[in-house]
Amino acid sequence: KNTVRGSQFQTPLMEFSGACSGCGETPYFKLLTQLFGERMMIANATGCSTIWGGSFPSNPYTVSKKSGRGPAWANSLFED
């Protein structure tokens, strides 16, 4: 798990996204959840990833089966 190659064997904590097809952000978010897991903290300004990453009633992030915890996610509307 300590390398990018080894992280590919970890369960991603991002199950799906409502992003546009061909979106380049989602593979990076999936990889980040595999690298950092439940320790990941996402602080995001309003933009495209806010729409697919935090739209009610769905959320693409999930929790670890071991601990029941997942990535923390926060958004700020006025940082663009």
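Small disclaimer: the values here were computed from a predicted structure and weren't measured.

Remarks on the overall build of the chain
A tally of helices and strands in the chain yields three helices and two strands. Walking the chain from its N terminus toward its C terminus, one meets helices and strands in the order α-α-β-α-β. Relative to its length of 80 residues, the chain is compact, with a C-alpha radius of gyration of 13 Å against a globular reference of 12 Å. Based on the C-alpha atoms only, the size of the chain along its principal axes is roughly 35 × 30 × 25 Å. Counting the 80 residues in the chain, one finds 26% classified as buried.

Focus on the nonpolar core
With six residues, the main nonpolar core is built from Met14, Phe29, Met40, Ile42, Trp52 and Tyr61. Beyond its immediate stretch of four places on either side in the chain, Phe29 contacts Met14, Met40, Ile42, Ser49, Trp52 and Tyr61.

What about the pairing of strand β1 (residues 41-45)?
Of the two faces of β1, only the one carrying Ile42 and Asn44 is buried; Met41, Ala43 and Ala45 on the other face are not. In this structure, β1 lies alongside strand β2 (residues 72-76), joined through five bridges in parallel fashion. Paired with Asn44 across the two strands is Asn75, which belongs to β2. Between the parallel elements β1 and β2, the chain passes through helix α3 (residues 48-54) in a crossover that is right-handed.

Points about the side chain of Thr33
Relative to the assigned elements, Thr33 resides in helix α2 (residues 25-36). In this structure, Thr33 is in contact with Pro12, Leu13, Met14, Met40, Tyr61 and Pro71, ignoring residues within four places of it in sequence.

Some thoughts on α2
In this model, α2 (12 residues) spans 17 Å end to end at C-alpha, consistent with the 16 Å of a helix rising 1.5 Å per residue. Among the residues of α2, those classed as buried are Thr26, Phe29, Thr33 and Gln34. Along the axis of α2, the buried residues cluster in a sector spanning 140 degrees; they form a single face. Buried residues in α2 make contact with α1 (4-7), β1 and α3. Looking one or two places after α2, you find Gly37, whose phi comes out positive at around 55 degrees.

Describing the confidence of the model for the chain
When the pLDDT values of the chain are averaged, the result is 81; 95% of them are 70 or greater. Mean pLDDT per element in the chain: α3 is the minimum at 78, and α2 is the maximum at 86.

The rules behind the values
- Residues numbered from 1 in each chain as written.
- Predicted model: local features only at pLDDT ≥ 70, side-chain atom pairs only at ≥ 80, totals over all residues.
- Heavy atoms only, no water.
- Helix = DSSP H or I, 4+ residues; strand = E, 2+ residues; numbered from the N terminus.
- Rg over C-alpha atoms; globule rule 2.2 N^0.38 Å.
- Buried < 20%, exposed > 50% of the residue type's maximum accessible area, 1.4 Å probe, protein only.
- Core = buried A, V, L, I, M, F, W, Y, C linked by side-chain atoms within 4.5 Å.
- Contact = heavy atoms within 4.5 Å.
- Pairing = 2+ DSSP bridges.
- Right-handed = clockwise from strand over helix to strand, strands pointing away.
- Expected span 1.5 Å × (residues − 1).
- Arc of directions from axis to C-beta.
- pLDDT = per-residue confidence, 0-100.

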